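# Observations on the model geometry
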Amino acid sequence: MSYRNWGRTLAFQPEQLLFPKKEEEIVRVIRQAIEEKKTVRVVGAAHSWTPLIETNHILLSLDRMQGLISLSPTQMTATLWAGTRLYRALPALWKAGFSLLNQGDIDRQSIAGAFSTGTHGTGREFGILATQAIHYRFISGEGKIYDVYPELQPELFRALQVSLGLFGVITQVTLQVTPRYYLRLIKRIEPLEVALEQSEAYLEQYRHFEFFWFPYSEVALVKLTEVSETPGQTSWWRRWAVDKVWENGAFWVINKLSQWAPQLSPTLCRFASRNMTAEIRVDKAYRIFASPRWVRFREMEYSVPAAAGPEVLREIRRWIDQHSPAVSFPIEYRYVKGDEIPLSPAYGGDRVLIAVHMYYRMPYERYFRGIESIFQAHEGRPHWGKMHTASSAYLQKVYPELESFLTLRQKYDPQGVFLTPFLQRMLWGEKILLST
Ligand SMILES: Cc1cc2nc3c(=O)[nH]c(=O)nc-3n(C[C@H](O)[C@H](O)[C@H](O)COP(=O)(O)OP(=O)(O)OC[C@H]3O[C@@H](n4cnc5c(N)ncnc54)[C@H](O)[C@@H]3O)c2cc1C
């Protein structure tokens, strides 16, 4: 049986695919893996492009460990099973009167999967999603259960916030929630240079700011979001027309044309940019944050120091104009508040995150490599779940606490149960520590 990820960059055959329902089952699996010298990886929604979940041995899915465990309206905290998909958690929280402070672009991920790779949204006041966590429960590589709180075990807690599944299997996460709220989304088309020049002002003025820019075009689709005191009216047919027919259906046709006739890509990009939909919409916060993404693609994203963001995007634009890659997907530009999480893309200060995409049936290597060299010239940090070719030496340079993260990790997984050849290569270079 072959296991595939969403982006179709992985297809592998684990010896066993297990769906535990209880923590004790996970403890048993890990203890047996130690005895048999097997590797264990956990999968959430398989929405990462990098081979983080790949193993020939045991793949654990927490799909049967989903749902709300408890809610404290006074402390405004919610404890969830770690396998819970965001799209299930968010309506349940809404019903109970709560929302998350911030979200990413989609809601298909599992909570633990999203947090473990540093998944983020956008906004000057908002850190990566894992900054909303206030407690983790996990089962280590020795098969022991730990409850971890920032006040009691600060170092371990910070490491767990973005841990790539390297410390163990996270089974429960407690989140800080906020009273539920509505958001007003303003989508408008602006010249790219205006969006870049205004980015500081937009970040000041709006709760969330981001934009999408189609290569070869002059304009960007700017998304500005603010809290709305009133619920607003959501017309289902307009949602259907915009989200499904245009942003997915017509966009799929554009990508197919680009695949069949790559020389048409610049024309198709300009066509798409001229036909992006401006709109103003008010809805429940979780519905405004997430968009349906039906057209499969590959993605690479790096964070760069916030002040360098506009210049990096201009460099990318010059590279595209010079090398004319066949690409029909836009580039996304977001902002994240700095934090102190060792493996966070925003460790040590605010960052701009720039993502390039390619339709999954088109060659991407030349395009991604070209743009990656620009990111790396600015000491960019790759998103752990998205495609990159960063070496372990490079990662050590841009994640200054990577080494201490790995040293601490060793304490909770002394036998290397969670280590695979990919992770060893990425984090330690060619030095293979254990054979799997
Ligand atoms: C269409 C699309 C849109 C996206 N949008 C965004 C976005 O807006 N912002 C952004 O930052 N990223 C985005 N991503 C990337 C995505 O959020 C990350 O790759 C995320 O990790 C996927 O979550 P998942 O549940 O699929 O985790 P998986 O990909 O299944 O796993 C990711 C990592 O988490 C580990 N893990 C999973 N569950 C557990 C657990 N219970 N215990 C310990 N470790 C665990 C896995 O071992 C692996 O290392 C997007 C991806 C796609 C495909």
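Residues numbered from 1 in each chain as written. Predicted model: local features only at pLDDT ≥ 70, side-chain atom pairs only at ≥ 80, totals over all residues.

Turning next to the overall build of the protein chain. Each helix and strand in the protein chain was counted, giving 14 helices and 20 strands. What you see for the protein chain is a C-alpha radius of gyration of 21 Å, in line with the 22 Å of a compact globule of 436 residues. A burial count over the protein chain gives 47% of its 436 residues as buried. Looking at the protein chain alone, contacts between residues at least 24 apart form 72% of all its contacts between residues at least 6 apart. (Helix = DSSP H or I, 4+ residues; strand = E, 2+ residues; numbered from the N terminus. Rg over C-alpha atoms; globule rule 2.2 N^0.38 Å. Buried ≥ 20, exposed ≤ 12 C-beta atoms within 10 Å, placed from the backbone. Contact = placed C-beta atoms within 7 Å.)

As a further point, take the packing of helix α10 (residues 309-323) against helix α11 (residues 365-377). At a minimum axis separation of 10 Å, α10 and α11 run at an interaxial angle of 150°. Comparing their axes, α11 and α10 come out roughly antiparallel. When the axes of α10 and α11 are compared, the crossing they make is right-handed. Residues V312, E315, I316, W319 and H323 of α10 lie in contact with α11, whose contacting residues are G370, I371 and I374. The residue makeup of the contact of α10 with α11, split by class, is five nonpolar, two polar and one charged. (Axes fitted to C-alpha atoms, helices over the stretch in contact; angles between N-to-C directions. Parallel < 35°, antiparallel > 145°, perpendicular 65-115°, else oblique. Left-handed = near helix turned anticlockwise from the far one by under 90°. Nonpolar A, V, L, I, M, F, W, Y, C, P; charged D, E, K, R; others polar.)

Before going further, it helps to spend a moment on the site of the ligand. As a structural note, the neighbourhood of the ligand is formed by 33 residues, with G44, G104, G113, G165 and G385 the closest of them. Only β4 (40-43), α3 (111-116) and β11 (168-176) provide two or more residues apiece to the shell around the ligand. The element contributing the most residues to the shell around the ligand is α3, with four residues. (Near = placed C-beta within 6 Å.)

The next point concerns the nonpolar core. Counting 120 residues, the largest nonpolar core has L60, I111, V173, A220 and I354 as the members making the most contacts within it. Tallying contributions element by element places strand β19 (residues 351-359) first for this core, with seven residues. Two domains each provide a minimum of three residues to this core, namely domain 1 (68-179) and domain 2 (182-382). Setting aside residues up to four positions removed in sequence, V173 forms contacts with L80, A82, I111, A112, F115, A133 and Y136. (Core = buried A, V, L, I, M, F, W, Y, C linked by C-beta atoms within 7 Å. Domains from an automatic or database assignment.)

Under the domain assignment used here, the protein chain contains domain 1 (68-179) and domain 2 (182-382). Counting residues at the interface gives 23 residues for domain 1, matched by 25 residues for domain 2. Of all the secondary-structure elements, those providing two or more residues to the side of domain 1 that touches domain 2 are α2 (86-95) and α4 (154-161). Among the elements that take part in the side of domain 1 that touches domain 2, α4 stands out by supplying three residues, more than any other.

We now examine the pairing of strand β9 (residues 133-140). For β9, the buried fraction is high: six of the eight residues fall into the buried class. Here β9 runs beside strand β10 (residues 145-148); their pairing, made up of four bridges, is antiparallel. Bridging across to β10, R137 finds its partner in D147. (Pairing = 2+ DSSP bridges.)

All of the buried residues in α2 are L86, A89, L90 and L93. End-on view of α2: buried residues confined to an arc of 100°, all on one side of the axis. Looking at the buried residues of α2, the elements they touch are β7 (77-81), β8 (98-99), α3 and α9 (285-289). G97 sits one or two residues past α2 and shows a positive phi near 100°. (Arc of directions from axis to C-beta.)

Here the focus is the environment of L196. Note that L196 resides in helix α5 (residues 192-197). Once the C-alpha coordinates of L196 and C269 are considered, the two residues, 73 residues apart in sequence, prove to be 19 Å apart. The contacts of L196, once residues within four sequence positions are left out, are P310 and L313.

Once that is clear, we can look at the sheet that holds β10. With antiparallel pairing, five strands are arranged side by side in an open sheet as β6-β7-β11-β9-β10. Of all strands in the sheet, those with a lone pairing partner are β6 (68-72) and β10, marking the two edges. Averaged over all pairs of adjacent strands, the angle between their axes in this sheet comes to 15°, without regard to strand direction. Two elements, β9 and β11, share seven bridges in a ladder whose sense is antiparallel. Note that in β11 the partner of R137 across the bridge is Q172. The strands that helix α1 (residues 23-36) touches are β9, β10 and β11; relative to β9, the one it contacts most, it runs at about 45°.

The next thing to look at is the sheet that holds strand β20 (residues 381-382). What the eight strands build is an open sheet, ordered β16-β13-β15-β14-β18-β19-β17-β20; its pairing is antiparallel. In this open sheet, the two strands that pair with only one neighbour each are β16 (279-284) and β20. Relative to strand β15 (residues 219-228), strand β14 (residues 208-213) is paired through six bridges, and the arrangement is antiparallel. Directly across from H208, in β15, lies its bridge partner T225.

Time to look at helix α14 (residues 421-428). Considered for burial, the residues of α14 that qualify are L423, M426 and L427. What you see down the axis of α14 is that its buried residues fit within an arc of 85°, all on one side. G429 sits one or two residues past α14 and shows a positive phi near 80°.

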